[in-house]
Amino acid sequence: MTTTFVPDTLVKPGRPWRRTHRSTLATLGFVAIAGLSSTGIVAVTGLAGPLGWYVGFVFSLAVLGFLGSFFRDRVVAIDLFATVLICTAFMTVLIPWVSIFYSVIKRGAPAFHKGYLTTDMLVTSSGEALNLGGLSHAIVGTLLMLIIAALICIPLGIIAAIYIVEIKGRFAGVVRFLTQAMSGVPSIVAGLFIYSTLVILVFHSFSGIAGACALAILMLPTVTRTAEEVLKLVPDHLRAASYALGASQAQTTFRVVLPSVRSGLISASVLGLARVAGETAPLLLTSGYFIKLTTNVGNGAIGSLPTYIFSALGAGTTESMTRAWGGACVLLALILILFIGARSLGGRNKGR
Amino acid sequence: MPTQLVSDASPDASPDNPVGRVIATEYGPSDKVFRGVITSGAMMSLVVLALIAGFLLFRGLEIFRDFGFGFITNVVWDPGDGIDKATASFGIGAMLVGSVVTAVIALLIATPFAMGTALFLEYYCPSWLRIFLTSVLDLVAAIPSVIYGIWGYAVFMKYGTSWGRSINEYLGWFPLFNVPAPIFERSPFIAGMVLALMIVPITTSVARAVYSQAPRDQIDAVYALGGSRWSGIRHIVLPFGRSGLIGGAMLGLGRALGETVAVYLVLNLVFRINFEILASVGGNVASLIANKFGEAGEYELKALMASGLVLFLVTLLVNFAATAIVGRTRGTES
Amino acid sequence: MITMLTDNTSTVETTHQQASLVSEAAQTSAMETRGIHAWFGKNHVLRNVSLQFPANSVTGLIGPSGCGKSTFLRLLNRMHEFIPTAAMAGEVFLDGQDIYRPGAAAAEIRLRVGMVFQKPNPFPSMTIQQNVLAGPTLSKTKVADKKDLVEDCLTRAGLWKEVKDRLDAYGSSLSGGQQQRLCIARALAVRPDVLLMDEPCSALDPGSTLRIEETIHELSESMTIVIVTHNMQQAARVSDHCAFFLSEDGPGHLVETGLTSMIFSNPSDQRTADYVQGRFG
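Just so we're clear, the structure is a prediction, and the values are computed from it rather than from any experiment. (Residues numbered from 1 in each chain as written. Chains lettered and ligands numbered in written order. Predicted model: local features only at pLDDT ≥ 70, side-chain atom pairs only at ≥ 80, totals over all residues.)

Asker: Describe the overall build of chain B, with residues and values.
Answerer: Scanning chain B from N- to C-terminus turns up 13 helices and 2 strands. Evaluated residue by residue, chain B yields a buried proportion of 50% over its 334 residues. Across chain B, contacts joining residues at least 24 apart in sequence account for 76% of those joining residues at least 6 apart. (Helix = DSSP H or I, 4+ residues; strand = E, 2+ residues; numbered from the N terminus. Buried ≥ 20, exposed ≤ 12 C-beta atoms within 10 Å, placed from the backbone. Contact = placed C-beta atoms within 7 Å.)

Laid out in structure tokens, this is it:
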């Protein structure tokens, strides 16, 4: 028996299992038919709007899948049906988020004018024309409070992580558990706590520091948990080498372990900041809202982006509404910047 | 001259009769300080949690003394004339029920979508898209609630209202979907949907982490027996990830229970226990606090503190349960 | 039939010689591969493997680790394609038809070419009975008499006597060797023509290994078995034919195939001789 052979050099890698054009078209056809039938259902039953169409779509898919199982292998038909359902669920979920981003940009854009980022609302009221006033006070307030919160929270978070990973003290499990518990504290409860302690007893007024403390409570679990994960990634032989050279635990931690994960820790901190930058409820109770640009964090209410949005919403006019959207736009941009910063600083060390 | 070896070991010990030595690590002075500082710093979370509970209790104790258990069951919230305590009557019953109702609606809507999204990302998504979408998911998780609130109020409200109207038209015979008046704005249903959107990222993340650990060799065995991708998911991944999904859903529930601003902007706060989710009547303890805080007098403030304590304990419980359930998956399958 | 491929960097020659002393020369082959190549991304891992698997016999794939034997095995039941960067070339014939032809239903092929894996993997959430019936359940084929099928498969796998009283126990309650035999029974339930085994005994103790080897011997009377093994003594005990794979700083390829007795006592290639005598590997 002879075989014709192909010289090695001409053999190309192939993927014969890849979906053929025919089968992709068939799947799309399947989905399209479901869509058309759903439109028909909507027309006939009067099921209203996008939700009605969606319900009809899923119903059509189910019916078609059931019918299809008679023609093709049942397992394949069910697999196809499941695939379409899961992909639809995913795309459905994306729609509102896309809508949020789109709305924020589209409805916030009219609020932007040349001095928007540099003026405050001291002399302008929310209902006035959009080319007046701005949100400089909100930006400055948010940034100040974020900085203070970071100064409180990052050392504490890293210390807690060091306790859990490096010292492995007797209470390491307890600390981890409590950190997890703290991440469930509702933001308004954190605000209430700071209000009943710092605002009433210490400052006797709203203040930026009180607001920052409330944010720190909310930020601490995130920073601790992320720092813990980052520290766990440091291989033990690094520590072993340091101890073998006679270093103390303190020296090992500060000279060997921490520097090796510096970017990861920075990333963890910035991520924590991004999570609390938009918190409104605690700020309502601790730093209040103030329309003037100020750097006084120790005494008196101070503006911030979330409370700016909140108060603009409360004013009720179309101009104030647009201002609220503008504030939302700036807030989202801030979070995006922090987020991208965290990612690029730390990379994805728990990569896929 | 032979030197005497001085030993701490037990005098009864010999090579044939080993006695364990106690190995004690003595830390140097700098390390003692280091360990002390770190340990006390780490205890901060314990301290803060205890302080939160403590202060809220301290300030709210009077309320519990005055109203007892009725604080939780009463529906009326009346600050009275602000001077005489006897004229006031505080009860968070309506708000507590409202919190639970909106959170449960959110849970029921969000969980299937979270499961679908997690499965999609893990088993259906092409790998180049997965990394991008995962980052998008993390970003969406960071969208602040005030933005969800303003979107829910200004953009989504009209859709939610018309959907509520449709559901009432076709399913209004069912008590849950009945309404006293044909007003469908700012209902618990709409608030629930906005909350659902907020908690999908959390649940998806947890579910995905668990699904990714499903034993590949068993999925391979399913394929080798002629099963399809969905067979593998249905028979191996979903049973394996069940605890993870439940835990993730409960974490989402905890978040939804404590959510303030989004609900405040979208829900109509009325002090009545209401299960008709399409009606414009609802409640939420966190929004109550935010709403009444500004003009609250001394006594009412204490009532708000007491409400905060109740909310805190409830969310704490839910989160504990969630962590325990998720931990169970990681423990049993390794 | 002895197939010998001599390796030459620029051309590949294929020579076939009839062996006179082999009675199996008249056998038809249940499966045949021609010119199989495999890639992971740009990494060429298997080169030009052309091999025939005679029906109702055991063919052992031997060779040092890392030379592509398991990858080759996975190509035979279309499991290779589950790895995202996988690519292949060549043909695999099952009963005269290429299993990679356009429109071929991979799931059906896997019902005819079964697989037993290295690490026993019974489904932990299913009972022993459910495990055995998993194949028909998954492919939604009707089974006329479930009890009969379960008993038949477990008997052929050599497990029936030990578990007949506890068919409702969970699969994970068995020992390693028993679990592997359960996996064999599970694979048999869909009545495959070919059974692929990827180092089925490497995670087991010698006692279980011996029993599985007996099972393989009995099964080979009614089906074609292809077994990948690192253990040369096992290959000598269990297989009728052997194929020796080698990877010399490049993709794995087939060096020599033939009757097991020939490969071990009088191999044609020096590298084969070195391997079976333990000079490397």
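Asker: Which residues make up the overall build of chain A, and what values go with them?
Answerer: The number of helices and strands found in chain A is 13 helices and 0 strands. Expected size for 352 residues packed as a compact globule is a radius of gyration near 20 Å; at 28 Å, chain A overshoots this value by more than 25%. Viewed in the frame of its principal axes, chain A has a C-alpha envelope of about 90 × 70 × 40 Å. Going through the 352 residues of chain A one by one, you find that 44% of them count as buried. Here the contacts in chain A between residues at least 6 apart in sequence split such that 71% fall between residues at least 24 apart. (Rg over C-alpha atoms; globule rule 2.2 N^0.38 Å.)

Asker: Requested: an account of the interface of chain B and chain C, with residues and values cited.
Answerer: In this complex, chain B contributes 14 residues to the contact, which on the side of chain C involves 20 residues. If you list the elements that add at least two residues to the side of chain B that touches chain C, you get helix 8 (216–224) and helix 9 (229–240) of chain B. Looking at the side of chain B that touches chain C, the element that brings in the most residues is helix 8 of chain B, giving 7 residues. Partitioning the side of chain B that touches chain C into residue classes produces 6 nonpolar, 6 polar and 2 charged. (Nonpolar A, V, L, I, M, F, W, Y, C, P; charged D, E, K, R; others polar.)

Asker: Any chance you could break down the packing of helix 10 (residues 262–276) of chain A against helix 13 (residues 318–346) of chain A for me, citing the residues and the numbers?
Answerer: Residue and element names in this part refer to chain A. Where helix 10 contacts helix 13, the axes come no closer than 8 Å and their chain directions differ by 165 degrees. Classified by the interaxial angle, the pair formed by helix 10 and helix 13 is roughly antiparallel. Read as a crossing pair, helix 10 and helix 13 show a hand that is left-handed. Contacts between helix 10 and helix 13 involve Ser263, Gly264, Ile266, Ser267, Val270, Leu271, Leu273 and Ala274 on the former and, on the latter, Ile335, Leu338, Phe339, Gly341, Ala342, Leu345 and Gly346. Of the residues that constitute the contact of helix 10 with helix 13, the class distribution is 10 nonpolar, 5 polar and no charged. (Axes fitted to C-alpha atoms, helices over the stretch in contact; angles between N-to-C directions. Parallel < 35°, antiparallel > 145°, perpendicular 65-115°, else oblique. Left-handed = near helix turned anticlockwise from the far one by under 90°.)

Asker: An account of the domain arrangement of chain A is requested, with residue identities and associated values reported.
Answerer: Residue and element names in this part refer to chain A. You can read the domains of chain A as domain 1 (24–110) and domain 2 (136–346). Placing the centre of domain 1 and that of domain 2 at their C-alpha centroids yields a distance of 41 Å. In this assembly, 5 residues from domain 1 lie in contact with 6 residues from domain 2. (Domains from an automatic or database assignment.)

Asker: Quick one: what's the story with the interface of chain A and chain B, residue by residue and with numbers?
Answerer: Listed as interface residues are 71 residues of chain A and, on the opposing side, 67 residues of chain B. Examining the composition of the side of chain A that touches chain B, we find that 18 residues originate from one element, helix 3 (residues 74–108) of chain A, more than from any other. Partitioned by chemical class, the residues of the side of chain A that touches chain B number 50 nonpolar, 17 polar and 4 charged.

Asker: Any details on the confidence of the model for chain A? Residues and values, ideally.
Answerer: Averaged over all residues, the pLDDT of chain A equals 83, while 94% of them reach at least 70. When the criterion is pLDDT under 50, residues 348–352 of chain A qualifies, and its contacts beyond four places in sequence or with other chains add up to 7 contacts. (pLDDT = per-residue confidence, 0-100.)

Asker: How would you summarise the pairing of strand 10 (residues 224–228) of chain C if you had to cite specific residues and measurements?
Answerer: Residue and element names in this part refer to chain C. Strand 10 sits mainly inside the fold: 5 of its 5 residues count as buried. In strand 10, alternate side chains face the same way, and those of Thr224, Val226 and Val228 on one face and Ile225 and Ile227 on the other are all buried. Sheet topology note: the strand 5 (residues 58–62)/strand 10 ladder contains 4 bridges and is parallel. Its bridge partner lying in strand 10, valine 58 is registered against isoleucine 225. (Pairing = 2+ DSSP bridges.)

Asker: Any details on unusual backbone geometry? Residues and values, ideally.
Answerer: In this structure, His204(A) takes a positive phi of about 55 degrees despite not being glycine. The exposed category is assigned to His204(A), around which 10 C-beta atoms lie within 10 Å. Of note, the phi angle at Arg191(C) is positive, near 55 degrees, even though the residue is not glycine. Among the structural elements, Arg191(C) can be located in the loop between helix 7 (176–188) and strand 9 (194–198).

Asker: Help me get a handle on the environment of Ile209(A), residues and values and all.
Answerer: Residue and element names in this part refer to chain A. With respect to the helices and strands, isoleucine 209 occurs in helix 7 (residues 208–232). By the C-beta count within 10 Å, which is 23 here, isoleucine 209 ends up buried. When residues no more than four places from it in sequence are discounted, the contact partners of isoleucine 209 are Ile148, Val297 and Gly298.

Asker: Describe the nonpolar core, naming the residues involved and giving the relevant values.
Answerer: Judged by nonpolar contacts, the single largest core of 278 residues is most densely connected at Ile309(A), Ile147(B), Val194(B) and Leu195(B). If one sorts the elements of this core by residue count, helix 4 (residues 136–167) of chain A sits on top with 17 residues. Split by domain, the residues of this core number at least three in each of domain 1 (24–110) and domain 2 (136–346) of chain A. Sequence-distant contacts of Val194(B), that is, excluding residues within four places in its chain, are made with Tyr148(B), Gly152(B), Phe156(B), Ala262(B) and Val266(B). (Core = buried A, V, L, I, M, F, W, Y, C linked by C-beta atoms within 7 Å.)

Asker: Got a sec to walk through the pairing of strand 12 (residues 252–259) of chain C? Specific residues and values, please.
Answerer: All names here are of chain C. Counting buried positions along strand 12 gives 7 out of 8 residues, so the element sits mostly inside the fold. One ladder, built from 2 bridges, connects strand 4 (residues 43–54) with strand 12; its direction is parallel. Bridge pairing in strand 12 links arginine 47 to histidine 253. Pairing of strand 11 (residues 241–246) with strand 12 involves 6 bridges; the strand directions are antiparallel. Its bridge partner lying in strand 12, phenylalanine 245 is registered against leucine 254.

Asker: Now, about helix 7 (residues 188–211) of chain B: what can you tell me, with residues and values included?
Answerer: The periodicity of an α-helix, 3.6 residues per turn, causes residues three or four places apart in sequence to face the same way. Residue and element names in this part refer to chain B. Taking 1.5 Å per residue as the helical rise, helix 7 with its 24 residues ought to reach 34 Å, and the 32 Å between its terminal C-alpha atoms agrees with that figure. At isoleucine 199, helix 7 shows its maximal bend, which comes to roughly 40 degrees, and the proline proline 201 appears one to four places after that position. When you tally the buried positions in helix 7, you get 23 out of 24 residues, the bulk of the element. (Expected span 1.5 Å × (residues − 1). Bend = angle between axes of the 7 residues up to and from the residue.)

Asker: Give a detailed account of the confidence of the model for chain B, specifying residues and quantitative values.
Answerer: Caution applies to low-pLDDT parts of the model: their predicted coordinates are not meant to be read in detail. Model confidence for chain B is summarised by a mean pLDDT of 85, while 95% of its residues fall at 70 or above. Across the assembled chains, the prediction reports ipTM 0.85 with pTM 0.84.

Asker: Residues and numbers for the environment of Ala241(A), please.
Answerer: Residue and element names in this part refer to chain A. With respect to the helices and strands, the residue alanine 241 is situated in helix 8 (residues 236–244). We classify alanine 241 as partly exposed; it has 13 C-beta atoms within 10 Å. As a C-alpha pair, alanine 241 and serine 23 span 218 residues in sequence and 58 Å in three-dimensional space.

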